Amino acid sequence: MEVQGEATMFDIDRWKEIISALKKNKLRSFLTAFGVFWGIFMLIIMAGAGKGLENGITDGVGQIATNSFFLWTQRTSEPYKGLRRGRWWSYENEDVDFIRKNVPEADIVTPRLFSGGGGGTSNTVRGERTGSYYIKGDYPEWAKIDPVEVTNGRWLNNVDVMQRRKVCIIGETIFKELFDADEEPIGEYLRINGVYYQIVGVIKPISNININGRTEESIFLPFSTMQIAYNYGNQVHIFGITAKPGHSASTVEEKVMAALKERHKIAPNDVQAIGHINLEKQFKQFSSLFTGIQILTWIVGIGTLLAGVIGVSNIMLVIIKERTQEIGVMRAIGATPRKVIGQIILESVFLTTVAGYLGLFLGVLLLEGFNKILEMAAASGSQDIFIKQPEVNFTVAVACLTILIVSGAIAGYIPARRAVQIKPIDALRDE
Amino acid sequence: MITLKNLHKSYFTASNSLHVLKGISLDIHQGEFVSVMGSSGSGKSTLLNILGILDSYDKGSYHLDGKLIQNMSEKNAAKYRNETLGFIFQSFNLISFKNAMENVALPLYYQGVSRKKRNVTALEYLDKLGLLEWAEHMPNELSGGQKQRVAIARALISKPKVILADEPTGALDTQTSYEVMEILKEINQEGITIIIVTHEHDIAAMTDKIIKLRDGVIGDLIINGDLASFKKSYAKNVATL
Ligand SMILES: Nc1ncnc2c1ncn2[C@@H]1O[C@H](COP(=O)(O)OP(=O)(O)O)[C@@H](O)[C@H]1O
Ligand SMILES: [Mg+2]
């Protein structure tokens, strides 16, 4: 016992023994190993698919401010201060400063006007070509909430708004529909609802969350220009608002809504008058969905894995039984119980680890292949792919291997204990 | 070297018990060459297994090299088997997937000797038994006599004080049997105590002391002068060599 230094894992005899023991039981070893292989393979695939879905959605959301919310107006549903229910109302320019003053936790407060839309009557004309697009009147800040990628020219600026310039930014689809591919759109004019605007930029969306219609089918005008050009008075259709760092968007939303209701004489308990969507809440829902998927993945994966490991324990039991006499000989010439148990556990760990590693490897390989296909699809312009970069992270892989080694050891320990519990002479006598 | 006092051993099965050894008292000194005889089922193997600490006994005492062998932990038993005892079996019991050299080296593996060193030592022992060129052969490529010689080399490599052999020639033809006995004799002359179980008189006749088991006790103990006549009466067989 005292001089066991060398006779460890790295002794070639040990490995020879392992290989020959497994070789003798080829089919059984294979089937058992397959159980473990399949368990880990499934775990990887499921974890990868879950992650891919998560990546797809998170990525699709892009850099949209997740602490943002949007408020629009709807008919009132409660009478209040002498005003009847069912009243139409709208926000005003003055609300911007009002919100900033009364709810200091609000960071960006940016108003928007919008009209038109895909499928409606055509509202945009360029020579012979016409189209029906979403028209949005914005401040440059809007892009801080919902960033866009400028592919040509520029985005809106403050001077555009201040001087009520007749300029517009168009989505890529509009460029494709109204221009030839080799045409330069910057400096060209579009007639939108009867008014001419000069194109100063082309953009495409980063996020696939769309507010007031698909971004790539939208035309962006300076807010002030749109308000004047189409006689909106001092109306605002929708507010995009973010919470200051350290504040919850939901709380800020409550406060802003309460303040606006107060200002516009809306009953505090009127839940219909303000239409709203809070991205923070949406993302929380998503992340609990992802957690759910992950938990499910692990339950199913570990269950499958466990079945595989129990299989390994079983085959080890059979192998040990078939080798009873051999183990008897080993013990007669001086193998201590510890040596015997160590050897059997090593065999079992070897079997599970090799099988598991193979499962891990092939699983990751498959995910990689799938990823390549997705990337190719994305490159060829397929939109709305909701799975992106299915992958398993390093932690998951390490966790899997750890589970495998530990369970392999346990799977080996049970039959090993049995092997040394019988008397050496009974082992030798075994025919 | 070995002292047994009033040793008892019974086997218990589900339905009944079988009292196999009914009080064996015995002294075997260092360097003796002893054979155990008796009819089939008389308990020869049982006795040898107890001596080899492969099996336990019920009553009495067993001292090996001055130490009482009783209720020994499997770990200690393994140590004794490894360092003090050497085993030779009727069916050779070589490990089928190890070649001759690796089989011989195995006891040293359990002592923690490095692979290189134990293989060198194993080759020395194989050489001693005239099997050097068979070192790389697997057991199934060896004849019975060769297998038994590999087993003897394996028993010798850990330099045991006692070699226990249960019918070492039982599976061999007469001539090979005699060759194996010659080897054992030589080993014995180097001072190693040897105890063999046999039911062949000519084999027993080559040892110095014959213990005959009968009805669970020692029926006859043939030594010295008696041995000479015993040997004579089986000289015929020996002469056929
Ligand atoms: N493990 C065992 N369980 C029950 N009976 C046994 C066992 N081993 C041996 N016996 C019985 O004990 C008796 C002695 O056996 P053994 O020592 O092998 O005899 P021998 O070697 O002299 O032929 C026999 O009757 C045998 O059937
Ligand atoms: Mg016998």
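About the criteria used
- Residues numbered from 1 in each chain as written.
- Chains lettered and ligands numbered in written order.
- Predicted model: local features only at pLDDT ≥ 70, side-chain atom pairs only at ≥ 80, totals over all residues.
- Heavy atoms only, no water.
- Helix = DSSP H or I, 4+ residues; strand = E, 2+ residues; numbered from the N terminus.
- Buried < 20%, exposed > 50% of the residue type's maximum accessible area, 1.4 Å probe, protein only.
- Contact = heavy atoms within 4.5 Å.
- Areas by Shrake-Rupley, 256 points an atom, 1.4 Å probe, with all protein chains shown as cover.
- Buried area = accessible area lost by both parts, 1.4 Å probe.
- Salt bridge = Lys/Arg side-chain N within 4 Å of Asp/Glu carboxyl O.
- Polar contact = N/O pair within 3.5 Å; in protein donor to acceptor, adjacent residues only side chain to side chain.
- Nonpolar A, V, L, I, M, F, W, Y, C, P; charged D, E, K, R; others polar.
- 1 Å grid on protein atoms, 1.4 Å probe; cavity = no way out; pocket = protein on both sides within 12 Å on 5 of 7 lines; lining within 4 Å.
- Points joined across faces, edges and corners; volume = space filled by probe spheres on them.
- Near = heavy atom within 4 Å.
- Sits in = over half its atoms within 2 Å of the grid points.
- Pairing = 2+ DSSP bridges.
- Axes fitted to C-alpha atoms, helices over the stretch in contact; angles between N-to-C directions.
- Phe/Tyr/Trp six-rings, centres within 6.5 Å; stacked < 30°, edge-to-face > 60°.
- Lys NZ or Arg CZ within 6 Å of the ring centre and 35° of its normal.
- pLDDT = per-residue confidence, 0-100.
- Patch = residues over 30% accessible without salt bridge, like charges linked within 9 Å, V, L, I, M, F, W, Y side chains within 5 Å.
- Expected span 1.5 Å × (residues − 1).
- Arc of directions from axis to C-beta.

Helix and strand counts for chain B stand at nine helices and ten strands. Within chain B, the fraction of its 241 residues that count as buried is 55%. A separation of at least 24 residues holds for 69% of the contacts in chain B among residues at least 6 apart in sequence. Of the roughly 10500 Å² of accessible surface on chain B, 49% is carried by carbon and sulfur atoms.

Another point: the interface of chain B and chain A. Residue-level contacts link 31 residues of chain B with 31 residues of chain A. Between chain B and chain A the total buried area reaches about 2800 Å² when both faces are included, carbon and sulfur atoms providing 56% of it. Contact with chain A buries surface across chain B, with F97(B), Y109(B) and Y110(B) losing the most and accounting together for 26% of the total. Across the chain B-chain A interface, the total number found is two salt bridges. Notably, a salt bridge pairs K423(A) with D55(B), separated by 2.8 Å at the nearest N-O pair. Applying the counting criterion to the chain B and chain A interface returns six residue pairs in polar contact (both at pLDDT 80 or more). Looking at the side of chain B that touches chain A, the elements that each hand over two or more residues are strand 1 (2-12), helix 2 (74-83), helix 3 (100-111) and helix 4 (115-128) of chain B. Here the side of chain B that touches chain A is composed, by residue class, of twelve nonpolar, eight polar and eleven charged.

Put simply, the second largest pocket is a space of about 550 Å³. Every residue lining the second largest pocket is counted, 26 residues in all, and those nearest its centre are I425(A), R429(A), S45(B), N49(B) and D166(B). Within the residue set of the lining of the second largest pocket, elements represented by two or more residues are helix 13 (424-429) of chain A together with helix 1 (44-51), strand 6 (85-88) and strand 7 (162-166) of chain B. Top contributing element to the lining of the second largest pocket by residue count: helix 1 of chain B, with five residues. Partitioned by chemical class, the residues of the lining of the second largest pocket number ten nonpolar, eleven polar and five charged.

This part covers the site of ligand 1. Around ligand 1, the neighbouring residues are R429(A), Y11(B), L18(B), V20(B), S39(B), S40(B), G41(B), S42(B), G43(B), K44(B), S45(B) and T46(B). One of the backbone N or O atoms of G41(B) is found 2.8 Å from an oxygen atom in ligand 1. Between ligand 1 and S42(B), the relevant distance is 3.3 Å, taken from an oxygen atom to a main-chain nitrogen or oxygen of the residue. When isolated, ligand 1 has an accessible area of 560 Å², and the protein chains bury 67% of it. Among the detected pockets, ligand 1 sits in the second largest pocket.

Before going further, it helps to examine the sheet that holds strand 9 (residues 209-214) of chain B. Residues and elements named next belong to chain B. Strands sit in the order 6-7-8-3-9-10 across an open sheet of six strands; the sheet is mixed. Taken across any chain shown, the strands that pair with only one partner, and hence form the sheet edges, are strand 6 and strand 10 (217-223). Across the sheet, the mean angle from the axis of one strand to that of its neighbour is 20 degrees, orientation sign disregarded. Examined bridge by bridge, strand 3 (residues 33-37) and strand 8 (residues 193-197) share four bridges and lie parallel to one another. Residue pairing for strand 8: V36 is matched across the bridge by V197. Lying on the sheet, helix 5 (residues 144-156) is in contact with strand 6 and strand 7; it crosses strand 6 at an angle near 170 degrees.

What follows concerns the environment of L31(A). All names here are of chain A. Summarising the element assignment, L31 is placed in helix 2 (residues 26-61). Note on L31: relative accessible area 52%, which makes it exposed. In this structure the C-alpha to C-alpha distance between L31 and I315, which are 284 residues apart in sequence, comes to 9.4 Å.

Before going further, it helps to examine the packing of aromatic side chains. Residue and element names in this part refer to chain A. Under the defined criterion, the tally for this structure stands at 14 aromatic pairs over all chains. Between F34 and W38, the ring centres sit 6.0 Å apart and the planes meet at 15 degrees, which makes this aromatic pair stacked. Of the two residues, F34 and W38 are both situated in helix 2; the distance of four residues between them amounts to about one turn of the helix. Residue classification places F34 among the partly exposed positions, given a relative accessible area of 38%. Ring pairing ties together the aromatic residues F30, F34, F37, W38 and F41, which thus form one cluster. Seen from the ring of F98, R263 lies directly overhead, with NZ or CZ sitting 5.4 Å from the centre.

This part covers the confidence of the model for chain B. Where the model shows low pLDDT, its predicted coordinates should not be examined in detail. Residue and element names in this part refer to chain B. On average, residues of chain B score 90 in pLDDT, and 93% of them reach the 70 mark or higher. Taken element by element, chain B is modelled with least confidence in helix 9 (residues 235-239), mean pLDDT 50, and with most confidence in strand 8, mean pLDDT 96. Reported confidence for the predicted complex is 0.85 by ipTM and 0.67 by pTM.

Bringing the environment of N208(A) into the picture now. Within the element layout of this structure, N208(A) appears in the loop between strand 10 (195-205) and strand 11 (218-222). Sequence-distant contacts of N208(A), that is, excluding residues within four places in its chain, are made with G60(A) and V61(A).

This part covers the environment of W15(A). Residues and elements named next belong to chain A. The residue W15 is located in helix 1 (residues 12-24) in this model. Look at W15 and you get partly exposed, because its relative accessible area is 26%. Between the alpha carbons of W15 and Q343 there is a distance of 9.3 Å; along the sequence they are 328 residues apart.

Hydrogen bonds between backbone groups are what pair the strands of a sheet, and the pairing can be parallel or antiparallel. Residues and elements named next belong to chain B. Pairing is antiparallel in the open sheet, where four strands are placed in the order 2-1-4-5. What marks the edges here is a single partner per strand, and that holds for strand 2 (17-28) and strand 5 (67-68). The pairing of strand 4 (residues 59-64) with strand 5 spans two bridges and is antiparallel. Of the residues in strand 5, the one forming a bridge with H63 is L68. The strands touched by helix 1 are strand 1, strand 2 and strand 4; relative to strand 1, the strand with the most contacts, the crossing angle is about 120 degrees.

A grouping of L27(A), F30(A), L31(A), F34(A) and W38(A) is seen on the molecular surface, where their side chains present a nonpolar patch of about 550 Å² in accessible area. Among the secondary structure elements, F30(A) is positioned in helix 2.

This brings us to unusual backbone geometry. Backbone geometry places K81(A), a non-glycine residue, at a positive phi of 45 degrees. Its location among the elements puts K81(A) in the loop between strand 1 (68-73) and strand 2 (91-92). With a relative accessible area of 54%, K81(A) lands in the exposed category. Positive phi values are uncommon outside glycine, yet N93(B) reaches one of about 55 degrees.

We now examine helix 4 of chain B. All names here are of chain B. Between its first and last C-alpha, helix 4 extends 20 Å over 14 residues, near the 20 Å set by a 1.5 Å rise per residue. Looking only at helix 4, the buried set comprises R118, N119, T121, A122, Y125 and L126. Here the buried residues of helix 4 occupy an arc of 165 degrees about the axis, which is enough to place them on one side. Along helix 4, the residues that are exposed and aim more than 90 degrees away from the buried face are K116, K117 and K128.

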